[in-house]
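Take a look at the letters that make up each chain.
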Protein chains: 2
Amino acid sequence: MEVLLKFKLSEHLYLRDPEQTEIGKAIVSNAIVLIFEIGFEQFTFKKLAVKINSTEPTIYRYFTSKHKLLTYILNWYWSYLEYVCKMRLAEINDPTKKMMLILEIITHHADHHTHLHDYNLDHLHHIVISESSKSYLVKEVDEINNEMMFAPLKSLCLFISEVLLTLAPKFPYPKSLASTLLETAHDQQFFSEHLPKLTDNKSRNNHKDYVLKYLTRLTFSTITDP
Amino acid sequence: MEVLLKFKLSEHLYLRDPEQTEIGKAIVSNAIVLIFEIGFEQFTFKKLAVKINSTEPTIYRYFTSKHKLLTYILNWYWSYLEYVCKMRLAEINDPTKKMMLILEIITHHADHHTHLHDYNLDHLHHIVISESSKSYLVKEVDEINNEMMFAPLKSLCLFISEVLLTLAPKFPYPKSLASTLLETAHDQQFFSEHLPKLTDNKSRNNHKDYVLKYLTRLTFSTITDP
DNA sequence: CCTTCTGTGTTAGTAATACTATCATTTGTA
DNA sequence: TACAAATGATAGTATTACTAACACAGAAGG
């Protein structure tokens, strides 16, 4: 089963819409593989051009910089996550179960949804963990933000915060907790894999399992008034 | 009142110890100012050399790369934070008050300790917020970690986790919560300043105030068994 | 059928970056 | 006074991030 997912992303992210052409899609899907393999610092348009049997100027006709390309990929990912959350939560009524499913989805605990689309989800998830903060931790963050380039992340965060509010209507930090859960899902998995002394995961593997349990405790304790 | 703080940092971080010479100290303190001003991406050894009226090769005799220099600065910061925590907690007996003081220190809520040393603490704090994850979110993280270059962060995290354990001896995630608090202190302040829709701070300023209150709720709710 | 337009390939080039090599000079120390 | 260590000065390399100019191929339209 192949499903094509397309999301409307901010036009400030690209010069030419990569979804519209074969070469555009090749740029994005191969960029995901390449950034996964060598990391964002080592990633260059030159290397990507070689990988897709094309040239640098062609890539520059789609994206003005590698930073914009990364931001484009991350926006696709945030849009995708929100879509998956909304799909899968639609069948559930119990708010607690809804929240637990959100935690499963953001930790990729049980990835039911691989191979359903153009991009390699496993690579994408690793990129999100290791590189996502590099898209906003830059001096130009305010200008980028003004051009709606973080809208999908904010939208996802809002969605999660609304589920939190159904569980605890008086909880004063729903959006901060939502963004903390998203960030913590990433950095605790990174720590568990690379800096395990910053976590309590004894097993040296089962990282997603560990992170899911930790986030579950964090969430449900925090929204319960002490 | 001037106090000189020196910490023993991993020798893998530098070629020549910058604490030992005037030019070494100038490199570090001016790097902090320059990274604060233009961000780590725009920061180059060439620009730093101009600022200290020296040349690139001189800086390269101290640090092999700008990434190592950033890691050196962050290590100094983590060592400093642990030192401040231990100093100020020594006079306190109540574990709850200890933990609250830790939260004040890591959010820099009431910076009693500016101007006490060589480096500009305010600039340093901004660097930690915006750039610290760039020191470990790299492909080479495992090799860097093997060379003890994150020891001060782990040590600080362990210290906080021990305080958490005195408050809640059965809490199963003391180290993960400690690392989460450190990370969240940074990204919630960044979000509050630049992406406020990811937080619930209504005031558009008082960022440290907001983050401290949020972290306090997060901490004391989480360690309380639900 | 010819034209036009759009997208891509090709080649070339620039300024800046991240380094390294060499050698002369200064400086503190024995 | 002699010596080694640190620094300065100069120069150079490979790579990166990006741009310019032009040729070509294919589709669309008259």
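Residues numbered from 1 in each chain as written. Chains lettered and ligands numbered in written order. Predicted model: local features only at pLDDT ≥ 70, side-chain atom pairs only at ≥ 80, totals over all residues. Heavy atoms only, no water.

Per an unreviewed UniProt entry, the recorded name for chain A is TetR family transcriptional regulator, and the organism is Pedobacter yonginense.

Chemist: How should I be thinking about the overall build of chain A in this particular structure?
Modeler: Of the regular secondary structure elements, chain A holds 11 helices and 0 strands. The N-to-C order of helical and strand elements in chain A reads α-α-α-α-α-α-α-α-α-α-α. For chain A, whose C-alpha radius of gyration is 18 Å, the value lies close to the compact-globule estimate of 17 Å for 226 residues. Each principal axis of the C-alpha distribution contributes one length, and for chain A these read about 60 × 45 × 35 Å. Buried positions account for 58% of the 226 residues belonging to chain A. Here chain A displays about 9,600 Å² of accessible surface, and carbon together with sulfur accounts for 54% of that area. Computing the positive centroid from 25 side-chain charges and the negative centroid from 27, chain A places the two 2 Å apart. (Helix = DSSP H or I, 4+ residues; strand = E, 2+ residues; numbered from the N terminus. Rg over C-alpha atoms; globule rule 2.2 N^0.38 Å. Buried < 20%, exposed > 50% of the residue type's maximum accessible area, 1.4 Å probe, protein only. Areas by Shrake-Rupley, 256 points an atom, 1.4 Å probe, with all protein chains shown as cover. Lys, Arg positive; Asp, Glu negative; His and termini not counted. Charge placed at Lys NZ, Arg CZ, Asp CG, Glu CD.)

Chemist: Explain the layout of surface pockets here, please?
Modeler: A probe matching the size of a water molecule, rolled over the atoms, marks out where space remains unfilled. Taken as a whole, the largest pocket holds about 860 Å³ of empty space. Around the largest pocket, the lining comprises 39 residues; the ones closest to its centre are A:E41, A:E131, A:K134, B:L137 and B:V138. Per-element accounting of the lining of the largest pocket gives the leading share, 7 residues, to helix α1 (residues 22-42) of chain A. Put simply, the second largest pocket is a space of about 240 Å³. Breaking the lining of the second largest pocket down by element, the ones donating at least two residues are α8 (141-146) of chain A together with α1 (22-38), α6 (121-131) and α10 (174-194) of chain B. (1 Å grid on protein atoms, 1.4 Å probe; cavity = no way out; pocket = protein on both sides within 12 Å on 5 of 7 lines; lining within 4 Å. Points joined across faces, edges and corners; volume = space filled by probe spheres on them.)

Chemist: So what exactly am I meant to see when it comes to the interface of chain B and chain A here?
Modeler: Where the parts come together, the accessible area they lose is often given as the size of the interface. At the junction of the two partners, chain B supplies 56 residues and chain A supplies 56 residues. Of the roughly 4,600 Å² buried between chain B and chain A on both sides combined, carbon and sulfur atoms contribute 59%. Area buried by chain B at its contact with chain A is led by B:L137, B:Y173 and B:R217, which between them contribute 15% of it. The tally of links between chain B and chain A comes to 0 salt bridges. (Contact = heavy atoms within 4.5 Å. Buried area = accessible area lost by both parts, 1.4 Å probe. Salt bridge = Lys/Arg side-chain N within 4 Å of Asp/Glu carboxyl O.)

Chemist: Help me understand the confidence of the model for chain A, please; the structure alone is not making it clear to me.
Modeler: If pLDDT is low for a region, its predicted coordinates should not be looked at in detail. The share of residues in chain A with pLDDT of 70 or more is 95%, and the mean pLDDT across the chain is 93. Model confidence for chain A, summarised as mean pLDDT per element, is weakest for α8(A) at 94 and strongest for helix α10 (residues 174-194) of chain A at 98. (pLDDT = per-residue confidence, 0-100.)

Chemist: Just to check I follow, could you spell out the UniProt feature "DNA-binding region" (unreviewed entry) in chain A for this structure?
Modeler: According to UniProt, the feature "DNA-binding region" (unreviewed entry) maps to residues 44-63 of chain A in the numbering used here. Annotation note: span residues 44-63 of chain A, helix share 60%, strand share 0%, distance between end C-alpha atoms 12 Å. (UniProt positions renumbered as here; feature names shortened; annotations may be inferred.)

Chemist: Please explain the packing of helix α5 (residues 95-106) of chain B against helix α9 (residues 151-167) of chain B as it appears in this structure.
Modeler: Two quantities define a packed helix pair, namely the angle between the axes and the distance from one axis to the other. Residues and elements named next belong to chain B. Relative to each other, α5 and α9 sit at 150°, their axes nearing to 9 Å. Taken as axis vectors, α5 and α9 run roughly antiparallel relative to one another. Like other packed secondary-structure pairs, α5 and α9 cross with a definite hand, here left-handed. Contacts between α5 and α9 pair P95, T96, K98, M99 and I102 from the former with F159, I160, V163, L164, T166 and L167 from the latter. The class makeup of the residues in the contact of α5 with α9 is 8 nonpolar, 2 polar and 1 charged. (Axes fitted to C-alpha atoms, helices over the stretch in contact; angles between N-to-C directions. Parallel < 35°, antiparallel > 145°, perpendicular 65-115°, else oblique. Left-handed = near helix turned anticlockwise from the far one by under 90°. Nonpolar A, V, L, I, M, F, W, Y, C, P; charged D, E, K, R; others polar.)

Chemist: Sorry if this is basic, but what is going on with the protein's contact with DNA strand C here?
Modeler: Among the 17 residues in the neighbourhood of DNA strand C, the closest are listed as A:I23, A:S54, A:T55, A:T58 and A:R61. Within 4 Å of the protein, the contacting atoms of DNA strand C are 49% sugar and phosphate, with bases supplying the remainder. Within the side chain of A:R16, one N or O atom sits 3.2 Å away from a phosphate oxygen of DNA strand C. One of the side-chain nitrogen or oxygen atoms of A:S54 is found 2.6 Å away from a phosphate oxygen of DNA strand C. Of all elements in the fold, only α3 (56-60) of chain A together with α3 (56-60) of chain B reach the threshold of two or more residues within the surface near DNA strand C. The element contributing the most residues to the surface near DNA strand C is α3(B), with 3 residues. Looking at side-chain class alone, the surface near DNA strand C contains 5 nonpolar, 6 polar and 6 charged residues. (Near = heavy atom within 4 Å. Polar contact = N/O pair within 3.5 Å; in protein donor to acceptor, adjacent residues only side chain to side chain.)

Chemist: I tried to follow empty space enclosed by the protein on my own but got confused; where do I start?
Modeler: Going through the model one piece at a time under the given rule, you end up with 3 cavities of 30 Å³ or more. Approximately 210 Å³ is the volume found for the largest cavity. Looking at the largest cavity, it is lined by 20 residues, and the ones nearest its centre are A:S133, A:E183, A:D187, B:S133 and B:E183. Elements with a contribution of two residues or more to the lining of the largest cavity: α6 (121-131), α7 (133-136) and α10 of chain A together with α6, α7 (133-136) and α10 of chain B. In terms of residue class, the lining of the largest cavity is built from 10 nonpolar, 6 polar and 4 charged.

Chemist: How do you make sense of the protein's contact with DNA strand D when you look at a structure like this?
Modeler: Around DNA strand D, a shell composed of 16 residues is seen, among which B:I23, B:S54, B:T58, B:R61 and B:Y62 lie nearest. Sugar and phosphate atoms constitute 50% of the interface atoms of DNA strand D, taking the interface as everything within 4 Å of the protein. Within the side chain of A:K66, one N or O atom sits 3.5 Å away from a phosphate oxygen of DNA strand D. Between B:R61 and DNA strand D, the recorded distance is 2.9 Å, taken from a side-chain N or O atom to a base oxygen.

Chemist: Quick question: what am I supposed to make of the relation of the copies chain B and chain A here?
Modeler: The operation relating the two chain copies consists of a rotation about an axis and a shift along that axis. Between chain B and chain A, the superposition needs a rotation of 180° and an axial shift of 0.0 Å, giving an RMSD of 0.0 Å. With respect to symmetry, the two chain copies, as superposed, fit the operation of a two-fold axis. The residues that chain B uses at the interface reappear at the interface of chain A in 100% of cases, marking a shared surface. (Least-squares fit on C-alpha atoms with pLDDT ≥ 70 in both.)

Chemist: Could you clarify how one ought to interpret the side chain of B:S179 in this entry?
Modeler: Structurally, B:S179 is set in helix α10. A distance of 2.8 Å separates a polar side-chain atom of B:S179 from the backbone oxygen of A:L198. Non-local contacts of B:S179, meaning those with residues more than four positions away in its chain, are made with A:Q188, A:F191, A:L198 and B:C157.

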